[in-house]
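# Secondary and tertiary structure notes
In case you want the letters, here they are:
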Amino acid sequence: MALTAAPLRCCRLGGQGLGGTGLGEGDPGHGSHSCPPQVRVDGPQDAHLYESVPVTPGQPLLRDMELSPDQRHLYVLSRGQVVRLPVETCGQYPTCEACLGSRDPHCGWCVLHNRCCRQSECPRALEPNRFTAAPDLCLQLLVEPSNVSVAAPSILLQLTVQNLPDLSPGVSCSFEGLGQSEAQVLPKGLIQCQSPAPRELPPGTSPHGDTRSVRLQLHSLETGMDFAGADFVFYNCSLLPSCLSCVRSPFACQWCKYRHVCSPDPQQCAFAEGRVSTAEGCPELLPAGQILVPAGVLQPITLRAKNLPQPQSGQKNYECVFSVQGRRQRVPAVRFNSTSVQCQNSSYWYEGDAVGELPVEFAVVWDGAFAIDQPPGFHALLYKCPAQRPSCGLCLRADPRYQCGWCLAERRCLLRPHCPAPHLHWVPSGRRGARCSHPRITQVVPAAGPKEGGTLVTVEGENLGLQVQEVGVRVAGVRCNSLPGLYVPAQRLVCEMEESLVPDPPPGPVEVCVGDCSVDFRARSSSPFTFVTPTLQGLSPTGGPVSGGTHITITGTHLDAGSNVNISMQGAPCQLLRRGPGEIVCLTPPSALGPGPAPLSVHIDRASLGLPDPLNGTTSPPSLSFRYTPDPAVTHVEPQWSIANGSTSLTVTGTRLLSVQEPRVRAVYGGIETVNSCQVLNDSLMLCQAPGILSGGPPLPAGGASPDEFGFLLDHVQAARTLNHSAFTYYPDPQVEPFSPTGVLEVKPGSHVVLKGRNLIPAAAGGARLNYTVLIGSEPCALTVSETQLLCDSPRQTGEQPVTILVGGLSFMPGTLHIYREAALPLGALAGLGAGGSLLLLAIIGVLVAYKRKTRDADRTLKRLQLQMDNLESRVALECKEAFAELQTDINELTSNLAGVKIPFLDYRTYALRVLFPVQLPPLLCQAHVPPGAERGLRLFGQLLQCRPFLLTFIHALEGQRGFSMRDRGAVASLTLVALQGRLDYATRVLKQLLADLIEKNLQNRAHPKLLLRRTESVAEKMLTNWFTFLLHRFLRECAGEPLFLLFCAIKQQMEKGPLDAVSGEARYSLSEDKLLRQQIDYKTLTLLCASPDAPGGPEVPVKVLNCDTISQTKEKLLDAVYRGVPYSQRPRASDTELEWHQGQSGPTLLRDEDATSRIEGDWQQLNTLGHYQVTDGSRVALTPRQVSGSNLPNSCTFSRSLSRYESLLRTSSNPDSLRPQAPTLSPEREGGTRLWHLVRSHDPLADPKEGGSKMVSEIYLTRLLATKGTLQKFVDDLFETLFSTAHRASALPLPIKYMFDFLDEQADRRQIGDPDVRHTWKSNCLPLRFWVNVIKNPQFVFDVHKSSTMDACLSVVAQTFMDSCSTSPQRLGKDSPSTKLLYAKDLPCYRGWVERYYRDIAKMAPVSDQDMDAYLGEQSRLHAGEFNTLGALGELYQYVGRYREEVSLPAPHCTPHPLPAPIASQPARGCYREEVSLPAPHCTPHPPPVPYCQPASTWALPQGGESPRPPLHPTPTACPYCQPASTWVLPQGGESPRPPLHPTPTACPYCQPASTWVLPQGGESPCPPLHPTPTACPLLPASQHVGATARR
């Protein structure tokens, strides 16, 4: 497509012609591109390609094109379709720079509407600066000042805007997340507005770190759009933790040395001498080399420092804090002066001897927690001499600084003070002439070699000398010269053997002498070294191609001897592949001399190998020779096509093919190489199987496609790798349709069987055919092939026969053939059937007689069983009735109490984080701030995420990585939504695009459409869950939360109403078969009067408990009653309290789960219960805080150790945010072999059947599931009815549900999916499965409650029923079906009706427009602004950039490419950032901040006194006679400024004159009012500052 810009017009292509089309000249009537380029033509020699639009990949375009009558669309033709393309797509460019930088002649930037469009689509486009088509006319916004402290009041900001249009209707300044302020438009592109006051900053400012950058946008009151923006920074000095980070901050921060805080106001420092403004004044430890600390030795540590403060009155002295293996050790320190501090005498220790040196982090602090700055990598080295130094040699080679030495008396490596009589028995490391006795050899490699020498012998052992010069080696009596470069003191030496002068040397040991060869300093190997004579015997093969690559095998004897083997042919090395005792395999090199013989030369060390002489037993010079032959060549391939799967038989002709060892055929398609094998038949013919091709893109066109490369791998012959003139073509694989939905086809014997399919005959020239084989059963059938059908005759078989189709390595099974026979029976057969029928009738009569007799006995047994079943049914009915009545009483009481007790909803942030990160919160999200050097890069990275093409490309790139796990996908999805919390409208658009891509990918992979969104296998699916999490929080609190909480309370009360085993978690009343207590437990309900621990002497609370409850279960019930309505995280834990039983005058009795009275039988110990202590009904009890003292410490420890193993059944861990249900959960095995039990002895087949109550067949207790289900039915129905209703409890359907359901319907319509079951399944997987099931199973995500493992099992049954209600698959239930499905089987039709009605009502509702949804999402972002640590989320996301840096470094489409920064390092316990993180925002060009003064300096003395960090205007305040104090300074342009005065009046200084801009000495421009017309106009400035800049606009 050609678009001309001068003038702008489109011309027709085809018969009329089109100049400068950009389409290459191909065959007549065809173009050469499937992606027509868009070209801008500015002149005969000036054309610019600005866009390529994909139309029909893989197919060429016809040259005939036509423009639509309105000139807005172009009709493009290919061989198979007509495509209507827009002439322009201006809307794809999000910024002015991208829009105008594309050089699309149709597009320009509509300034006040902030969009890229045609000029005709921009209102009032002809007015000045309203519409621009030149890149240099884009709006540029500069803010002065560009930052302010959070402690400063609101200030007046001055904004300078270039190319500003008319703003007479009004403009306002919008601060991201902080509201708006009215703006005043001044002449010459100036705008003034007020910055937000500190009180307007949200409470979540601190998680952003010491700075928070907000986007300052100019908001047009005319269009309601933001049309220009810049970054505005709020900085918080108080968040900078150290002096160096404070004074090095780019903002006006100073360090208060004695208060150890960073402040923007120097007056806040307690002492004037404590103010630090430069790094030279900071208290800091100085680098002093490595600090060595021997373990277990008492010694001081002296450190050099500077500017150490003297602690003032009331402040604590200095301390050294060491961190050794997770333990913190604080040691008093003494400050000698400001430059020295000493850690007092102390010893340090670490466990284990796995490491000899352990780096230890330590810091110097004063006043308890004021840390002194220290250089990077500052640590001490804690070491042990004996660790990793078991021998004398290893000890003496230690670093002399360690002062380790070998103690002869104890034969250990010790410090001198630790060795007895050190002057006699201690040998220090580093002593000249020191050596170790008793060397030992542990290994010698190799064990054999030629007598000619040159063998490198490696000797390993211990105490093998400390210097190579003192070690002598002899191998089997032959001198071996040590190699200094390979010597490892005391451990290993490598020596080169000399030639043995003995004709037939005998084997012998390896002997090592250290210094001298006395007995104490000599070692011999246990195995001997043998001299051998390697010989050659043969060579196979004896010839190969000139290009090399032939695997040759050299046979002989002793070929594995020695240390090195060299094989050469014509002077070139033959690459060694492997060698053994009898053969050597190597790869021949290319021949430099062309075809011909090449003698083979083989050397092992210094021995030259030859063939053995059979006459005298000696070896002769080498006579093995390899012959190079001309390279093989391929001349023709037949056929010239294959299907995509490959395996097509290819006949290849060529020359000298027998010289190739492993011929293979190769193809490259889409950058992926595939190979297949070949078989050589003779020197000119071989058969190959065509390689298949792997296509990750669109399917192959019906007309076929050529591979990028096609050729053969013939050893190392390069000429055959790619056949330049090959026309080899790949066609789509054939496809066969199934017989029917059931897969069965009924035919008569011998009748025709028609198999339908596609691509059955490739579209290749010359009548190409595929070799089909159709097997019916195991017999083939005669076959006729057409383009869409396979016609074959069924063989003379009967019955059901499977049909298999084999073609080109593919196998299809369309179904089963049912072959039936229709034939009349002969007379003899009929007579036989009659006789058989008579016999059968007599047998039936006999059976009936016997059945009648048996029936009488069965009737009596049935009546007896019926009576028993009636009794059992009565018992079950009575249990159900009693349980329902009790539960209704409890629930009614709970419901009445709820009027005064608030449901313990979690706050929005906690709720969201628990759903987003259920396992572990990422470390960086927990940090209060980030280091200052990384924040800017993270903010720029966050701005880059605002580019949707980049974000989509980033996510797809991550999903394409092999190591990107399911956990990583969930983490990236959650972190992305946290980072985009302030832009939920943008996040929603990204989510929709990701879902659309996922649907497309699902359909392309031919996966079943119903599997979409079923599992969390992509970032999009997890993002969808998180999206609903954010947007349905209000619906949860106002509508769905109440029935869910009532269901939770109902299940909890129902479980606690009956016995509950504290060890196994099994309960009498449970919805889960796995957690059902399958025994009859005798129990009695007790009412205890509990004194309130918070109000001593107050009214006692009656609490119902069971006499079979353990003490911990009792305490939990008491806490539930006493702290009713109090969130779980805010009440005491059962483990932190003691239970006292008050019995009249005898005093309180302490009740515990385990004590001296516990019942023990064999190796079983039963937990104490109220019945064990014989607590009676109406007893008074009290909960008291647990006291730990010296007298009861052992018992308390024992009790806690036992209790911790099962108490998790009743409570979570000490962390109130614990999310996972705790297992019940005591392992029966304990220390000492004792096993605990409560109600039932688990895993004990020999237990007394009478223990714990009457025992029957366990399945009889499954009826308790029905009893529990009946009592909870009302609450389950209320919850389901609430969730499947469009208007309930005066709460309308949330907009996100309607909006997402409409989006799924739109995607189904776009892809022509009309199956209602598929649409129903998509919606069910989208909302109920991805969100509601998660909430139902995990109420602790929504409420501040504790969920036990038994509760988790019951909620899982409810969640399973909820999922089954949303399914459209029919229920096939039987006696073997799980109880979770049988329990609610009869309720499912009703629930499914609710679901269908719910989806139908949503479909009838009016659609939600994008504008309404954007407004709703914007409101949600505003309501929850600052809830999350956005920078922490960006930091966590950026770690994936570091992990897959190269894969995600490609620029996103339409985004200005920028290099990705170095990855952010993080540690498991805490995150840290690299200061070099700097990532520019897309489409933004960073500008240096203006310097509004002529001369740089560190401070500027004000006339009123004090100092300012701004650079001075004049060298000294007295240098200018006009610099006098005044309250305000009148600007030359008018107005006032609160800055210190420069001159009393604007006319007092002859150099202060108005000007539009002021040229800085450093170059550049500043929007500030001018001080001097030119840099040379001020006579008070030194000449060195005049750089001769010229004024420019």
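Residues numbered from 1 in each chain as written. Predicted model: local features only at pLDDT ≥ 70, side-chain atom pairs only at ≥ 80, totals over all residues. Heavy atoms only, no water.

Before going further, it helps to examine the overall build of the protein. For the protein, the count of helices and strands is 24 helices and 85 strands. Within the protein, the fraction of its 1593 residues that count as buried is 47%. For the protein, restricting intrachain contacts to residue pairs at least 6 apart in sequence, the fraction spanning at least 24 positions comes to 64%. (Helix = DSSP H or I, 4+ residues; strand = E, 2+ residues; numbered from the N terminus. Buried < 20%, exposed > 50% of the residue type's maximum accessible area, 1.4 Å probe, protein only. Contact = heavy atoms within 4.5 Å.)

Here we take up the side chain of R969. Here R969 is to be found in helix 10 (residues 966-979). Put simply, R969 is tucked away with no salt bridge, and the nearest opposite charge, on E959, sits 4.0 Å away. Engagement of the side chain of R969 in a polar contact is seen with the backbone oxygen of F964, the distance being 3.4 Å. Not counting chain neighbours up to four residues away, the residues in contact with R969 comprise E959, F964, E1017, S1018 and V1019. (Lys, Arg positive; Asp, Glu negative; His and termini not counted. Salt bridge = Lys/Arg side-chain N within 4 Å of Asp/Glu carboxyl O. Polar contact = N/O pair within 3.5 Å; in protein donor to acceptor, adjacent residues only side chain to side chain.)

A few words on the state of the cysteines. In the structure shown here, the tally under the stated rule is 18 disulfides. Each sulfur in the disulfide pair C237 and C253 lies 1.9 Å from the other. Across the disulfide from C237 to C253, rotation about the S-S bond amounts to roughly -75°, and the bridge is consequently left-handed. Residue C237 is found in the loop between strand 18 (226-235) and helix 2 (243-247), and its partner C253 is found in the loop between helix 2 and strand 19 (254-256); the two are separated by 16 residues along the sequence. Considered together, C237 and C253 belong to a single accessibility category, that of buried residues. (Disulfide = S-S within 2.5 Å.)

So, on to the packing of helix 11 (residues 984-1004) against helix 18 (residues 1295-1310). The geometry of helix 11 relative to helix 18 is characterised by a closest axis approach of 11 Å and an angle of 35° between their N-to-C directions. As for how helix 11 packs across helix 18, the hand of that crossing is right-handed. When helix 11 is examined against helix 18, the residues T988, L991, K992, L995, A996 and I999 are found in contact with a partner set consisting of Y1299, M1300, F1303 and Q1307. Counted by class, the contact of helix 11 with helix 18 contains 7 nonpolar, 2 polar and 1 charged residues. (Axes fitted to C-alpha atoms, helices over the stretch in contact; angles between N-to-C directions. Left-handed = near helix turned anticlockwise from the far one by under 90°. Nonpolar A, V, L, I, M, F, W, Y, C, P; charged D, E, K, R; others polar.)

Next up on the list: unusual backbone geometry. The omega torsion of the bond from E144 to P145 falls at -10°, within 30 degrees of zero and hence cis. By secondary structure assignment, the location of P145 is in the loop between strand 11 (140-144) and strand 12 (147-149). Cis rather than trans, the peptide bond between V445 and P446 has omega equal to -5°. With respect to the secondary-structure elements, P446 resides in the loop between strand 34 (440-445) and strand 35 (448-450).

A few words on the pairing of strand 36 (residues 456-462). The alternating pattern of strand 36 places V457, V459 and G461 on a buried face, while none of L456, T458, E460 and E462, on the opposite face, is buried. With 5 bridges connecting them, strand 34 and strand 36 associate as antiparallel partners. The residue of strand 36 that forms the bridge with I441 is G461. As judged from the 5 bridges shared by strand 36 and strand 39 (residues 492-497), these two strands associate in the antiparallel manner. Its bridge partner lying in strand 39, V459 is registered against L493. (Pairing = 2+ DSSP bridges.)

Under the 1.5 Å per step criterion, the end-to-end length of helix 10 is 20 Å for 14 residues, consistent within 8% with the ideal 20 Å. Most of helix 10 sits inside the fold, with 11 of its 14 residues counted as buried. Of the residues making up helix 10, those classed as buried are D968, R969, G970, V972, A973, S974, L975, T976, L977, V978 and A979. The secondary structure elements touched by the buried residues of helix 10 are helix 6 (908-916), helix 7 (923-926), helix 9 (948-959), helix 11, helix 12 (1019-1031) and helix 24 (1430-1443). (Expected span 1.5 Å × (residues − 1).)

It is worth spelling out the sheet that holds strand 10 (residues 131-132) at this point. Across a sheet, strands are paired by hydrogen bonds formed along the backbone, either parallel or antiparallel in direction. Reading across from one edge, 9-8-10 is the order of the 3 strands in this open sheet, with antiparallel pairing throughout. Strands with a single pairing partner mark the edges of an open sheet, and in this sheet they are strand 9 (115-117) and strand 10.

This next bit is on the packing of aromatic side chains. To describe a pair of aromatic rings, you give the distance between the ring centres and the angle between the ring planes. One pass over the full model with this rule turns up 34 aromatic pairs. Between F322 and F362, the ring centres sit 4.8 Å apart and the planes meet at 15°, which makes this aromatic pair stacked. With F322 in strand 25 (residues 318-324) and F362 in strand 28 (residues 357-366), the pair connects residues that are 40 residues apart, well separated along the chain. Taken as a pair, F322 and F362 share a single burial class, namely buried. (Phe/Tyr/Trp six-rings, centres within 6.5 Å; stacked < 30°, edge-to-face > 60°.)

A few words on the nonpolar core. Within the largest apolar cluster, 128 residues are counted, with the highest numbers of intra-cluster contacts made by W1027, F1028 and W1332. The greatest single-element share of this core, amounting to 13 residues, is contributed by helix 13 (residues 1033-1057). Look past the residues within four positions of W1027 in its chain and what remains in contact with it is L977, T988, L991, P1296, Y1299, M1300, M1413 and L1417. A98, W109, L164 and L178 belong to the second largest nonpolar core, which has 37 residues in total. (Core = buried A, V, L, I, M, F, W, Y, C linked by side-chain atoms within 4.5 Å.)

On to the packing of helix 18 against helix 22 (residues 1388-1404). Look at helix 18 against helix 22: their axes get within 10 Å of each other, and the N-to-C directions meet at 85°. By the criterion of interaxial angle, the relationship of helix 18 to helix 22 is roughly perpendicular. Residue-level contacts link I1297, K1298 and F1301 of helix 18 to Y1398, Y1399, I1402 and A1403 of helix 22. Classifying every residue of the contact of helix 18 with helix 22 by side-chain character gives 6 nonpolar, no polar and 1 charged. (Parallel < 35°, antiparallel > 145°, perpendicular 65-115°, else oblique.)

This part is about helix 11. For helix 11, which comprises 21 residues, the first-to-last C-alpha distance of 30 Å matches the rise-based estimate of 30 Å (1.5 Å per residue) to within 8%. Note on helix 11: the residue one or two positions beyond its end, R1006, has a positive phi of about 55°.

With that out of the way, let us pick up a nonpolar patch on the surface. Nonpolar side chains collect at one region of the surface, where L839, L841, L842, I845 and V849 lie side by side and expose about 510 Å² of accessible area between them. Classification of L842 by relative accessible area gives exposed; the value is 58%. (Patch = residues over 30% accessible without salt bridge, like charges linked within 9 Å, V, L, I, M, F, W, Y side chains within 5 Å. Areas by Shrake-Rupley, 256 points an atom, 1.4 Å probe, with all protein chains shown as cover.)

Attention now goes to the confidence of the model for the protein. Per-residue confidence for the protein averages 78 on the pLDDT scale, and 78% of its residues sit at or above 70. Taken together, the stretch residues 203-208 has pLDDT below 50 and engages in 14 contacts with residues farther than four places along the chain or on a different chain. Across residues 1245-1257, confidence stays below pLDDT 50; counting only partners more than four residues off in sequence or on other chains, it has 20 contacts. (pLDDT = per-residue confidence, 0-100.)

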